[in-house]
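The residues making up each chain are set out below.
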Amino acid sequence: MALFATPAVPARFRFRIDLPQVPVYAWLALVVLIPNLLLIGTSFLSVAEGRIKFEPTLGNYVRLWHSAGFWRLLWKTLQFSLLGAFLGALAAYPMACFVGRAVRNNRSILTVLVLVPLWISLLMRVFSWRLILGQNGVLNSSLVSSGILDTPSSAFLYTGSSVVLTFAYISIPFIFVSTLNAFEKIPQSLIEASQDLGATTVQTFCHVIWPLTRRSLAIGFSLAFLVTVGDYVTPSMVGGINGTTLGVLISSQFGIASNWPFGAALSIALIVAVSVVVGVALWSCPQRGVFSGDETPSGGPPPGARPRLGFIGGSILYGVVVAFLYAPLLLMVVFSFNDSTLQAFPLQRLTFKWYAELAGNSGLIAAAQRSLVVAVCVVLVSSIVGTSFALILHYRNLLYSRAIELLLTLPLAMPSVVLGIVMVLGTEIVGVPPGLARIVIGQASFIMPITMLLVLTRLRRLDPSLLEASLDLGASRLQSFVHVVLPLIRGAAIGGMLLGVTLSADEVMVTLFLAGPSQTLPIWVFNQMRFGFTPSVNAVFTLLGLFALSTVLIGQFISRRRAID
Amino acid sequence: MQQAVGSYVLSLENVAKTYPGNTKRALDRVSFEVAAGEFFSILGPSGSGKTTILRTIAGFEKPDEGRVVMAGGDVTHLPPNRRDLRTVFQSYALFPHLTIGENVQYPLRMSGMGKLERTRKAAEALELVAMEPLAGRLPHLLSGGQRQRAALARAVVSRPQLLLLDEPLGALDLRLRQQMQHTLVSLQKELGIAFVYVTHDQGEALSMSDRVLVMREGRIAQLGRPQDLYFKPRSEFVAEFVGNSNMLPVEFTADHGSYVGSIGGVTFPEMRGDKSGKARVAVRYDNVHIYPAKENSGTSRLSGIVENVLFLGTNIEVDMRCGDLRIMGSLPAGRADSIVAGQAVSIGLDLADASVFHV
Ligand SMILES: Nc1ncnc2c1ncn2[C@@H]1O[C@H](COP(=O)(O)OP(=O)(O)OP(=O)(O)O)[C@@H](O)[C@H]1O
Ligand SMILES: [Mg+2]
C-alpha cells in the first residue's frame with residue numbers, strides 16, 4: 001500500500017474508504033461528533049429527583065428563554081470578554097504595528113517577549129492578579145502605606161472590572177501574535193506607492209494598512225474572545241459574586257448543582273451567542289484580494305529611516321505593555337522567596353522555606369507525578385495521531401478533507417467550559433471512569449489538533465517537487481518518505497510535542513471536569529487556593545513557570561537549528 | 001543639448017548619498033536636469049545607483065548633500081506625498097485589496113476629489129492603456145502585463161509633471177516588453193509628461209529616449225542623446241556598455257608626420273592618431289566584417305578562426321579568435337549558413353568612426 005497517492009485524482013465522487021482513512025473517521029466520530037451530539041441530546045432531557053429522565057423536552061430552553069437572570073448573565077459574560085478583548089486589542093494592535101513595521105533589529109526577541117506569557121500557566125497569571133488586587137494585595141498595601149487609603153479596600157478584587165482587566169491581560173498575546181504577521185507581510189513598496197500617490201500617513205493607514213490588517217485583528221480578537229468566554233476559573237478567582245459568568249454557572253451544573261441537562265442547554269446557548277459574536281467580528285472585517293507575490297516582501301522601514309516621533313511613541317507603548325505583562329509574574333516569583341505569609345511589601349527576609357515545604361507535601365508530589373504521566377501519554381497520543389492525520393489529510397484524497405480538518409480542530413474553537421462537559425459526556429457514555437484515562441482523552445482532544453495543524457502547515461509549505469525529485473532520483477515512495485518528508489516535518493512535530501507538554505501541564509479548565517479524585521498538579525494547586533492560601537503556591541507556580549520557559553527555550557533552540565526555510 | 005534655464009521639470013544639483021553602514025557612496029555628486037516632456041533614461045550596470053537616484057527624486061531617500069529641485073522649487077526636504085511626481089514600481093505595488101479601478105482612483109481620492117469625477121478620470125486613464133474592461137477586477141486576477149498597465153494608469157491619472165519608472169518592464173517576457181515599449185513611448189508623447197526611465201537594457205534606452213544618462217559606480221559616466229553615446233562614447237566603459245563594442249588593443253606608430261594604428265600586428269591606414277604608443281579602440285559588432293579566408297583584397301585584414309556562432313533571429317553574432325584577440329562580429333541572419341564554427345575567416349574592421357582611448 002502506497003503511503004501517499006499523487007494529489008490529483010479525478011474520480012472523487014465514488015465513495016471509497018481505504019485503510020489509512022479509518023482512524024481519521026474513527027477519531028472524528030468518537031472524539032468530536034458523538035460527544036457533541038450527546039451534548040445537544042442531553043440539552044433536551046430533564047432531571048427528576050436527582051436522576052436524568054430520558055424523555056425529550058424543550059423544558060430547559062423554555063426556562064432559559066423566560067429567565068431574566070439568564071439573559072443578564074449572558075450579557076455580562078459577553079461584556080466581560082468583549083471588553084477584555086477590546087482593551088487587549090487597544091494595546092496589542094499598535095504594538096504589533098510597531099514591532100512589525102518600525103523595528104528592524106531584534107524583532108524576534110521583541111516578539112517572543114510578548115508571547116512567553118502564552119506558555120505560562122493561565123492559573124498562575126490569574127493568580128498573580130489576585131496578589132495585586134486582593135485585600136492584602138500589593139495595590140492595597142501600597143495605597144495604605146502611602147496614606148491614600150486608611151484601611152485596605154475590597155473594591156479592587158471581586159468586581160467586574162478585575163475580571164475585565166485579567167481578560168485583557170490574557171488577550172494581549174493572542175491579538176499580538178495574530179496581527180503581527182499581517183503587519184510584517186505588507187510589502188514596503190505598497191506603503192511607498194501610497195505616499196507616492198499623494199497620501200498622508202493617516203490616509204495611508206486608513207486606506208492601505210487598516211484594510212490589509214483588519215482581518216487578522218478580527219481573528220486575534222475572536223481568538224482572545226473564545227479563550228476568555230469559556231474561562232470559568234478567572235471569574236471565580238478574581239470576580240467573586242459580581243464576576244460570575246455563564247461559564248461559572250455551567251460548570252456548577254456539572255458540579256454542585258448537578259443538573260446536566262440544564263448545563264447542556266446553557267452550553268448550547270453559550271455556543272450560539274459566541275458564534276454570533278465571532279461571526280459578526282469576522283464579517284465586519286472582510287478579507288479582500290491577495291498579495292500577488294511579486295511585491296518586494298520587506299517588512300520594516302527602509303534602512304536609513306531615522307527614529308521619529310512614532311518610533312519613540314511605539315517604544316514607550318511596547319515598554320509599558322511588556323511591563324504590564326511581566327510585573328505580576330515577577331511579583332509572584334519575588335514573594336515565593338519572601339519570609340512572610342502576607343503577600344505585601346515591604347519584603348521580609350529571603351527564605352527557601354516555601355520550596356522546602358513543597359518537598360514534604362505528599363499531595364503535591366502525587367499530583368506532580370500524575371501530571372507527568374498525563375503529559376507523557378497526551379503528548380505521545382497527540383504527536384503520533386496528529387502527525388499521521390496530517391500526512392493522511394495531505395497525501396490521501398479524502399472526501400471533503402477540508403471539512404474533516406475543520407471538524408477535527410473543532411475542540412480548539414470551543415469555549416473550554418463547553419469542551420470540558422462535552423468530554424465528560426463522551427467518556428461517560430463509553431464507560432471511561434473519571435481519572436487518568438479521561439484526562440488523557442480530554443486533553444488529547446484539543447492537543448492533537450494543534451500538532452496536526454502544525455505538521456499540516458509545514459507539509460503545505462513544502463515544495464511539492466521535492467517529493468517528485470526524490471522519486472525521480474530513484475527513491476521508492478517509502479524511501480522518499482523516510483529521507484525527504486520525515487526530516488522536513490520533524491521540526492514541526494517536535495514543536496507540537498513541546499507545546500503539548502506545556503499545555504497539558506497547565507490545563508485546568510477541561511481537566512477539572514474529568515479528573516475526579518485524581519488531581520493533576522494545576523488542579524491540586526487550584527484546590528489549594530480555593531481552600532485557603534499558602535505562600536507555597538507561589539513556589540509551585542515559580543517552578544511551573546520555569547518549567548514552561550525552559551520548554552519554550554528548548555523548542556526555540558531546536559527550531560533555530562532547523563530553520564532551513 | 002543643455003536646456004534653457006527654467007524649462008526643466010527636475011534638476012539634481014550635486015546629489016550625494018551614502019547608505020548607512022556602507023563606506024562607498026551610492027551616489028557621488030550627481031547633477032543633471034530633465035526638461036519638460038522629455039523621455040530621459042538612466043542606464044547602468046547593476047549596483048551603479050540607478051534606483052538610488054529614482055528613490056531620491058521620489059523622496060524615499062534623503063540625499064546627504066545636494067539639492068533636488070522641481071519646477072515649483074526645492075523639494076529636497078519634502079515628503080513623497082507632497083511632490084508633483086509619480087513612481088511606477090518594478091513590482092507594480094498595486095493595492096491587493098482594491099480593484100483596478102479603485103487603485104487608479106486612489107491618488108484622486110487622496111486629494112479629495114468627488115466620486116463621480118474620479119470614476120470618470122480613472123476610466124479615462126484606464127482607456128489610455130486599454131484596460132477599461134478590467135476595472136472591476138482585483139489585482140491578483142490579472143496577468144503581469146495587465147498589472148503593469150494598471151500601474152501605469154494609476155501613475156498618470158492625476159497628470160503629474162514627472163513620472164519615474166524603475167525597470168518597469170523587467171518582469172515581462174520579450175514580446176510583452178516590446179509591446180509595452182511602444183505603449184510607453186506613445187503614452188509619453190500623448191500626455192507630454194516627462195519620464196525618468198531606469199533600465200539596464202541599452203537597446204531599450206537608446207530606442208526610446210530623448211537623452212540617456214549612463215551611470216557607473218554612483219557617478220555620471222556620460223549624459224547625451226542616444227546617437228552621441230552610440231557614436232561618440234567618451235570612455236571605454238560607455239563604449240562597451242552602450243555600443244556592443246569590442247575593445248581592441250592598438251599600437252600607434254609614427255607614419256608620414258602623423259601616427260597610424262595597428263591591431264594584432266596588422267596596420268590599418270585609415271586609423272590615424274595624434275600620439276604614439278598603446279591605446280584601445282572600440283569597434284562595434286556591426287563594424288566587423290567577415291570574409292572567407294581565401295578572399296584577399298589587399299586591404300588590411302586580420303585572419304581568425306570562428307569559435308562560436310549565436311543565432312539571434314534577425315542577425316547572428318560570430319565569436320572569433322585571432323591570435324590572442326577575441327573579436328565579436330554581427331552579421332545579417334541571411335549569412336548564417338555560410339559561417340560555421342572552426343572555419344578560418346578573414347576579418348575586416350570599419351574604423352572610420354571608431355573611438356580611440358589612450359591608456
Ligand atoms: N538599502 C540599501 N542599503 C545599503 N546599501 C544599498 C541599499 N540600496 C542600495 N545600496 C547600495 O547602493 C548602491 C547602488 O544601488 P542601487 O540599488 O541604486 O543600484 P541599481 O543601479 O538600481 O542596481 P540594479 O540595476 O541592480 O537595480 C549599490 O552598491 C548597493 O549595494
Ligand atoms: Mg535598481
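For the structure given in this document, a descriptive report is provided here. Please read all numbers here as calculations on a predicted model, not as lab measurements.

Structural notes on the sheet that holds strand E11 (residues 245-255) of chain B
Residue and element names in this part refer to chain B.
Link 1 in the chain: Spatially, five strands are ordered E13-E12-E11-E14-E20 in an open sheet, and the strand pairing comes out antiparallel. If you trace the sheet from one side to the other, it starts and ends with strand E13 (266-273) and strand E20 (355-358), each paired once. On average, adjacent strands in this sheet sit at an angle of 40° to one another, irrespective of strand direction.
Link 2 in the chain: With five bridges joining them, E11 and strand E12 (residues 258-263) adopt antiparallel strand pairing. Residue pairing in the sheet places aspartate 255 in a bridge with serine 258 of E12.
Link 3 in the chain: Sheet strands touched by helix H8 (residues 236-243): E11, strand E14 (277-284) and E20. Its angle to E11, the strand with the most contacts, is close to 135°.

Considerations on a nonpolar patch on the surface
Residue and element names in this part refer to chain A.
Link 1 in the chain: A cluster of nonpolar side chains, namely Leu30, Leu33, Ile34, Leu37, Ile40, Leu407, Leu410, Ile429 and Val430, defines an oily patch on the protein surface of about 790 Å² accessible area.
Link 2 in the chain: Among the elements that line the nonpolar patch, the one with the most residues is helix H1 (residues 21-42), at five residues.
Link 3 in the chain: Judged by its relative accessible area of 55%, leucine 30 falls in the exposed class.

Topic: the interface of chain A and chain B
Link 1 in the chain: Contact with chain A, which involves 28 residues of that partner, is made by 29 residues of chain B.
Link 2 in the chain: Counting each side, the surface lost to burial between chain A and chain B is near 2600 Å², with a carbon and sulfur contribution of 58%.
Link 3 in the chain: The largest contributions to the chain A side of the interface with chain B come from A:Asp196, A:Leu197 and A:Arg288, which together make up 29% of the buried area.
Link 4 in the chain: Our count for the chain A to chain B interface comes out at two salt bridges.
Link 5 in the chain: B:Glu102 is paired through a salt bridge with A:Arg288; the nearest N and O atoms lie 3.2 Å apart.

Quick notes on the packing of helix H5 (residues 122-133) of chain A against helix H7 (residues 160-185) of chain A
Residue and element names in this part refer to chain A.
Link 1 in the chain: Axis separation between H5 and H7 bottoms out at 11 Å; the angle between their running directions is 135°. Between H5 and H7, the interaxial angle falls into the category oblique. The way H5 lies across H7 gives a crossing that is right-handed. When H5 is examined against H7, the residues Leu122, Arg125, Val126, Trp129 and Leu133 are found in contact with a partner set consisting of Ser162, Leu165, Thr166, Tyr169 and Ile170.

Some words on helix H12 (residues 260-284) of chain A
Spacing of three or four residues puts side chains on the same side of an α-helix, whose turn is 3.6 residues.
Link 1 in the chain: Between its terminal C-alpha atoms H12(A) stretches 36 Å, which fits the 36 Å expected from 25 residues at 1.5 Å a residue.
Link 2 in the chain: Sitting at the amino-terminal end of H12(A) is A:Asn259, which places a side-chain oxygen 3.2 Å from the backbone nitrogen of A:Phe262.

Things to note about the sheet that holds strand E6 (residues 85-88) of chain B
All names here are of chain B.
Link 1 in the chain: Ordered by their spatial adjacency, six strands build an open sheet running E6-E7-E8-E3-E9-E10, and the pairing between neighbours is mixed. With one partner strand each, in any of the chains shown, E6 and strand E10 (219-224) form the two edges of the open sheet. The sheet shows a mean angle of 15° between the axes of neighbouring strands, direction not considered.
Link 2 in the chain: Where strand E7 (residues 162-166) lies against strand E8 (residues 194-199), five bridges are found, and the strand directions are parallel. Bridge pairing links leucine 163 to phenylalanine 195 in E8.
Link 3 in the chain: Sitting on the sheet, helix H4 (residues 144-156) touches E6 and E7, and the angle it makes with E6 is about 175°.

Remarks on the pairing of strand E1 (residues 8-17) of chain B
Sheet faces and side chains relate simply in a regular strand, where the side chains alternate between the two faces.
Residue and element names in this part refer to chain B.
Link 1 in the chain: Within E1, eight of the ten residues are buried, which leaves it mostly tucked inside the rest of the structure.
Link 2 in the chain: For E1 and strand E2 (residues 27-35), the ladder comprises six bridges, and the chain directions are antiparallel. Note that in E2 the partner of lysine 17 across the bridge is leucine 27.
Link 3 in the chain: Bridge count between E1 and strand E4 (residues 65-70): five bridges; the pairing is antiparallel. Pairing of leucine 12 across the sheet is with valine 68, part of E4.

A few points about unusual backbone geometry
Residues and elements named next belong to chain B.
Link 1 in the chain: Of note in this structure, arginine 29 is not a glycine but carries a positive phi near 45°.
Link 2 in the chain: In this structure, arginine 29 sits in strand E2.
Link 3 in the chain: Phi is positive for tyrosine 92, which is not a glycine, with a value near 75°.
Link 4 in the chain: Of note, tyrosine 92 is situated in the loop between E6 and helix H2 (100-110).

Considerations on the site of ligand 1
Link 1 in the chain: Around ligand 1 sit 14 residues, and of these B:Ser46, B:Gly47, B:Lys50, B:Thr51 and B:Thr52 come closest.
Link 2 in the chain: Around ligand 1, the neighbouring residues derive from chains A and B rather than from a single chain.
Link 3 in the chain: Here an oxygen atom of ligand 1 and a side-chain polar atom of B:Ser46 are 2.5 Å apart.
Link 4 in the chain: Interatomic distance of 2.7 Å between a side-chain N/O atom of B:Lys50 and an oxygen atom of ligand 1.
Link 5 in the chain: Along the lines of polarity and charge, the residues of the shell around ligand 1 split into four nonpolar, eight polar and two charged.

Reading the values: the criteria
- The residue numbering used here restarts from 1 in each chain and proceeds along that chain's sequence as written.
- Going through the entries in the order they are written, you letter the chains from A and number the ligands from 1.
- Totals for whole chains, interfaces and linings use every residue, but because this is a predicted model, local features are given only for residues with pLDDT of at least 70 and side-chain atom pairs only at 80 or more, for both listing and counting.
- Side-chain measures were taken over the full set of non-hydrogen atoms in the model, leaving aside hydrogen atoms and water.
- At least two DSSP bridges between two strands are needed for those strands to be called paired.
- Each helix corresponds to a stretch of at least 4 residues labelled H or I by DSSP, and each strand to a stretch of at least 2 residues labelled E; elements are numbered beginning at the N terminus.
- Inter-axis angles, ranging from 0 to 180 degrees, are taken between N-to-C directions of lines fitted to C-alpha atoms, where helices are fitted over the stretch in contact.
- By definition in these notes, contact holds between two residues if any of their heavy atoms fall within 4.5 Å.
- In this analysis, a patch consists of residues with relative accessible area above 30% that form no salt bridge, clustered at 9 Å for like charges and at 5 Å for the nonpolar side chains Val, Leu, Ile, Met, Phe, Trp and Tyr.
- For the area figures, the Shrake-Rupley method with a 1.4 Å probe applies, and any residue is considered shielded solely by the protein chains shown.
- Salt bridges, as used here, are contacts in which a Lys or Arg side-chain nitrogen is within 4 Å of a carboxyl oxygen on Asp or Glu.
- Note on exposure labels: buried denotes an accessible area under 20% of the residue type's maximum, exposed denotes more than 50%, and partly exposed covers the range between, all computed with a 1.4 Å probe on protein chains only.
- Buried area counts how much accessible surface, traced with a 1.4 Å probe, disappears from two parts once they are put together, with both parts' losses summed.
- We call two directions roughly parallel when the angle between them is under 35 degrees, roughly antiparallel when it is over 145, roughly perpendicular when it lies between 65 and 115, and oblique otherwise.
- Definitions for this section: a left-handed crossing has its near helix turned counterclockwise from the far helix by less than a right angle. A right-handed crossing has that turn clockwise.
- Expected span of a helix, by definition, is 1.5 Å for each gap between consecutive residues, and there is one gap fewer than residues.
- We define a polar contact as two N or O atoms separated by no more than 3.5 Å, with the added condition that, inside protein, one atom must be a possible hydrogen donor and the other a possible acceptor, whereas residues neighbouring each other in sequence contribute only through side-chain atom pairs.
- If even one non-hydrogen atom of a residue comes within 4 Å of a molecule or strand, that residue is called near it.
- Throughout, the ten residues Ala, Val, Leu, Ile, Met, Phe, Trp, Tyr, Cys and Pro are labelled nonpolar, Asp, Glu, Lys and Arg are labelled charged, and all others, Gly among them, are labelled polar.

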